[in-house]
Amino acid sequence: MVRHKIKDFSELWKSIPWKKLRKNLFRLQRRLFKAIQAEDTRRARNLQKLILKSKAARLLAVRQISQLNAGKKTAGVDGIKFLNFKQRFALAEKLLEAHDWKHSKLREIPIPKKDGTTRTLKVPTMADRAWQCLVKYALEPAHEAVFHERSYGFRPGRSAHDAQKFLFSNLNRQGRGYRKRILELDIEKCFDRINHTSIMDKVIAPKSIKLGLWRCLKSGVNPEFPEQGTPQGGVVSPLLANIALDGIENIHKSVRYADDMVLILKPEDDESKILKDIKEFLAERGLKVKESKTKLVKSTEGFDFLGWHFKVKSNGSFRCVPSEDNYKAFRKKVKDIVNCSNYGAKVKAYKLAPLVRGWRNYHRYCYMDGSRFSLWRLNNRTFKVFNKEKKLSRHTATELVKKAFPAIPYKENRHVLVKGVKSPYDGDLVYWSQRNSKLYEGTTSKCLKKQHHSCGCCGLKLTSEERVHLHHIDGNHNNWKLKNLIAVHESCHDYIHMGKTEKV
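Throughout what follows, the structure given in this document is the object of discussion. (Residues numbered from 1 in each chain as written. Predicted model: local features only at pLDDT ≥ 70, side-chain atom pairs only at ≥ 80, totals over all residues. Heavy atoms only, no water.)

### Points about the overall build of the protein chain
And step 1. Looking only at helices and strands, the protein chain features 19 helices and eleven strands.
And step 2. Radius of gyration (C-alpha) of the protein chain: 24 Å, near the 23 Å computed for a compact globule of 504 residues.
And step 3. Dimensions along the principal axes, computed over C-alpha positions, put the protein chain at roughly 65 × 60 × 45 Å.
And step 4. Out of the 504 residues belonging to the protein chain, those deemed buried represent 50%.
And step 5. Accessible surface for the protein chain amounts to roughly 25,300 Å². Of this, 51% is attributable to carbon and sulfur atoms.
And step 6. Of the side chains in the protein chain, 102 bear a positive and 52 a negative charge, and the two mean positions are spaced by 7 Å. (Helix = DSSP H or I, 4+ residues; strand = E, 2+ residues; numbered from the N terminus. Rg over C-alpha atoms; globule rule 2.2 N^0.38 Å. Buried < 20%, exposed > 50% of the residue type's maximum accessible area, 1.4 Å probe, protein only. Areas by Shrake-Rupley, 256 points an atom, 1.4 Å probe, with all protein chains shown as cover. Lys, Arg positive; Asp, Glu negative; His and termini not counted. Charge placed at Lys NZ, Arg CZ, Asp CG, Glu CD.)

This is how it looks when you write it as C-alpha cells:
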C-alpha cells in the first residue's frame, strides 16, 4: 500500500507543469526588478511577499535544492541527504511558514586551504536550504537592479570570463596597459567577518524576510564573534556577501569577483589614498584588508587573478594564461587518476574526460599554445600507462587517450563582455538567449542556433540561469550527429531520462 502511495507522489511530481511555474515566478521577479529601478519600495516589498507565498516559487525552490544543485546529496545536522517525492511536497507546504522560519544548527565540515589553514564549510539542513533558495528568489531581482556593473561573482548572467575580458579591455595595447599598475586586494576572512548589522541595513526586503535572514546568520555564528560572519555553504550566503560589498567598486576603477578584487591604477593615481578609502569602506562592515596578500605590481610584471596569470608584454600586447597554482592543482588531479591502480584504462578515461573538459573550457579564452597548456606531456604519460595493459593494443590505448583528453577549441580574449548593468531579470530574453549561445562552442552552439535559442523540451528560452545539456534522441551516446541532438535545460534533461517529459 505504501509503495503505491509513493509511486502516486512520484507521478504527481513529474506531472507538475514546471514550464508554467517558471514563467509565473519569472514574471513576478521581472516586476520586482522594475519596481526597484523605479524606486517604488512599497510595491517591491509587496511583490517580495507575493514571491514568498507563491506556489511556483516554493515548488521550484524544493526542486532546486533536492534535484538540481551540485550539493543536493549533502546532509545537514539532521542527517537527511535525500528527499523522496512525498517529502518534497511536504517541504513545499512547510515553506508556507517562510515568514516565520526557525533555522536549525549547521553541520560543520573543515576544509584545508593551500596556505595550511582551514576554513569551515557550514551546511544547513535540506529544509533550511529550501527556505534560503525561496528567499533568494525574492532578494536577488531587487539587488540585481542596484548592483554595480563591475561585480561579476555569484550573479546571474555574469561569470569569471567577464572579469577576464574587462581586464583585457583595460590592459591591452589600445588601453595603454603597459603604463598601468595593478593593486591586488584580498579581504581577510571575508565570509567569517562580515558584520551582520551592515548586511541587514543594506538588504532590500520586508521585516519578515529580514528576521528570517537574521536567524539564518545567527545559526552559523562563531561564539568568538557573535556579530559577524555568513555561513559558507548556504544558498543565500554569496548573495549576502555581494550585498555587503556592493559599492566598493565606486572607490576606483576595479573588477570584483565576490571577495577577490583587483584595481587598475594609472601613473598619476595615488595608491595610498585609494587603499585608505578601501580600508575605511571595509571597516564599516567589520572587514579588513589582508596585508600579506595585498600588493602593488606593474602590469608588465604580471599578476594572478581567478586562476589566470595576466601580463602585459614588453611590446604592449596583453597575454593571459592559466596560473601556475591552477595548472599544478589540475595536473595533480590528472596524475592521481592516471597512476591509480584500482581501476583500468577505460574507467580512467571516463573519469579524466569531464575533468579535462572542464579545465579546458574554463581557460578557453587564454593563450593555450605550446606543449605545456596543450597537455602534451600528460597525454604522453597517460598513453604509456594505458599501453601497459595487456588487453589494450597501441591503437585502442590511443583511442582511449583521445577520449580522456577531449579537444576544446580556444579563442584568445574573444569572450563578449556582458553589456553594462544588464540583468536576466530585465526581461530582454532575446539578448540573454543569444548571449547564452555564444558561451558554448561547437555542437551545443549549433543546436542552440538551430532551435532559435529555445529548449527542445519545454520550449522556454535558454538563458544563462540554467546549464544547457545535449540530449541524444535515439539514446545512443556515441551518435553525435547534429540531427540526433537537441539542446535542453538541465532539469528538462532529468525529466526526459525519468521516462516522462515536462507537462506543458
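### Regarding helix H19 (residues 490-497)
And step 1. Across the eight residues of H19, six count as buried, placing the element largely inside the fold.
And step 2. Among the residues making up H19, those that are buried are Glu490, Ser491, Cys492, His493, Tyr495 and Ile496.

### With respect to the packing of helix H2 (residues 18-37) against helix H6 (residues 126-144)
And step 1. Contact pair H2 / H6: the axes reach a minimum separation of 8 Å and the direction vectors enclose 40°. Considered as vectors, H2 and H6 are oriented oblique to each other. Relative to H6, the crossing made by H2 is right-handed. The segment H2 lies against H6, with Leu25, Gln29, Leu32, Phe33 and Ile36 engaging Tyr137, Ala138, Pro141, Ala142 and Glu144.
And step 2. Here the contact of H2 with H6 is composed, by residue class, of eight nonpolar, one polar and one charged. (Axes fitted to C-alpha atoms, helices over the stretch in contact; angles between N-to-C directions. Parallel < 35°, antiparallel > 145°, perpendicular 65-115°, else oblique. Left-handed = near helix turned anticlockwise from the far one by under 90°. Contact = heavy atoms within 4.5 Å. Nonpolar A, V, L, I, M, F, W, Y, C, P; charged D, E, K, R; others polar.)

### Notes on the nonpolar core
And step 1. Of all hydrophobic cores here, the largest spans 75 residues; its most connected members are Trp13, Leu139, Val203, Leu213 and Leu282.
And step 2. Looking at this core element by element, the count peaks at eleven residues for H6.
And step 3. Residues Leu306, Cys320, Trp359 and Ala404 belong to the second largest nonpolar core, which totals 48 residues. (Core = buried A, V, L, I, M, F, W, Y, C linked by side-chain atoms within 4.5 Å.)

### Regarding the packing of helix H4 (residues 55-68) against H19
And step 1. Where H4 contacts H19, the axes come no closer than 12 Å and their chain directions differ by 70°. By the criterion of interaxial angle, the relationship of H4 to H19 is roughly perpendicular. Considering how the two elements wind past one another, H4 and H19 form a crossing that is left-handed. Every residue of H19 that contacts H4 at Arg63, Gln67 and Leu68 is listed here: Glu490, Ser491, Asp494 and Tyr495.
And step 2. In the contact of H4 with H19, the residues fall into two nonpolar, two polar and three charged.

### What to know about a positive patch on the surface
And step 1. Taken together, the side chains of Arg45, Lys49, Lys53 and Lys207 define a basic patch exposed on the protein surface.
And step 2. When residues of the positive patch are assigned to their parent elements, the largest contribution, three residues, is made by helix H3 (residues 41-53).
And step 3. With respect to the secondary-structure elements, lysine 207 resides in helix H10 (residues 207-219).
And step 4. For lysine 207, a relative accessible area of 75% gives the class exposed. (Patch = residues over 30% accessible without salt bridge, like charges linked within 9 Å, V, L, I, M, F, W, Y side chains within 5 Å. Salt bridge = Lys/Arg side-chain N within 4 Å of Asp/Glu carboxyl O.)

### A word on the pairing of strand E8 (residues 308-312)
And step 1. Here E8 shows one buried face, formed by Trp308, Phe310 and Val312, and one open face, formed by His309 and Lys311.
And step 2. As paired strands, strand E7 (residues 303-305) and E8 are joined by three bridges and run antiparallel to one another. Across the sheet, phenylalanine 303 pairs through a bridge with phenylalanine 310, a residue of E8.
And step 3. Direction of pairing for E8 relative to strand E9 (residues 318-322): antiparallel, over a ladder of five bridges. When the bridges of E9 are listed, histidine 309 appears paired with valine 321.
And step 4. Linkage of E8 to E9, two consecutive antiparallel strands, is achieved through a turn of five residues, within which glycine 316 is found at a positive phi near 95°. (Pairing = 2+ DSSP bridges.)

### Notes on the pattern of salt bridges
And step 1. A full pass over the atoms with the stated rule returns 15 salt bridges.
And step 2. Linking lysine 273 and aspartate 277 is a salt bridge whose minimum nitrogen-to-oxygen distance equals 3.2 Å. Here the residue lysine 273 and the residue aspartate 277 both occupy positions in helix H12 (residues 271-283), the gap between them amounting to four residues, near one helical turn.
And step 3. Taking the shortest distance from any N to any O, the salt bridge between glutamate 399 and lysine 402 comes out at 3.9 Å. With a gap of three residues between them, glutamate 399 and lysine 402 both fall in helix H16 (residues 394-404), about one helical turn apart.
And step 4. Owing to a relative accessible area of 34%, glutamate 399 belongs among the partly exposed residues under this scheme.
And step 5. One salt-bridge network, in which partners are shared between bridges, spans Asp100, Lys102 and Arg215.

### Quick notes on helix H13 (residues 324-338)
And step 1. Under the 1.5 Å per step criterion, the end-to-end length of H13 is 21 Å for 15 residues, consistent within 8% with the ideal 21 Å.
And step 2. Buried residues of H13: Tyr327, Phe330, Val334, Ile337 and Val338, and no others. Across the axial projection of H13, the buried residues extend over an arc of 100°, all falling on one side.
And step 3. Next to the buried residues of H13 lie helix H14 (345-362) and helix H15 (376-387). (Expected span 1.5 Å × (residues − 1). Arc of directions from axis to C-beta.)

### Here we look at the packing of aromatic side chains
And step 1. A full pass over the atoms with the stated rule returns 13 aromatic pairs.
And step 2. Considering the side-chain rings of tryptophan 308 and tyrosine 362, the 4.7 Å spacing of their centres and the 10° angle between planes classify their relative orientation as stacked. With tryptophan 308 in strand E8 and tyrosine 362 in helix H14, this residue pair connects regions lying 54 residues apart in the sequence.
And step 3. For tryptophan 308, a relative accessible area of 0% translates into the label buried.
And step 4. Each ring, one from tyrosine 431 and one from tryptophan 432, has its centre 5.1 Å from the other, and the planes form 85°; the classification is edge-to-face.
And step 5. Residue class for tyrosine 431 comes out buried when judged on its relative accessible area of 16%.
And step 6. Three or more aromatic residues joined by ring pairs form one cluster here, namely Phe168, Phe303, Trp308, Phe310, Phe318 and Tyr362.
And step 7. Seen from the ring of phenylalanine 281, arginine 285 lies directly overhead, with NZ or CZ sitting 3.7 Å from the centre.
And step 8. Over the ring of tyrosine 431 we find lysine 422, and its NZ or CZ is 5.0 Å from the ring centre. (Phe/Tyr/Trp six-rings, centres within 6.5 Å; stacked < 30°, edge-to-face > 60°. Lys NZ or Arg CZ within 6 Å of the ring centre and 35° of its normal.)

### A word on the sheet that holds E8
And step 1. Strand order in this open sheet of three strands is E7-E8-E9, and the pairing throughout is antiparallel. The sheet is open, and its two edges are formed by E7 and E9, each paired on a single side. Between one strand and the next, the sheet's axes are offset by a mean angle of 30°, whatever the strand orientation.
And step 2. Lying on the sheet, helix H7 (residues 160-171) is in contact with E7, E8 and E9; it crosses E8 at an angle near 10°.

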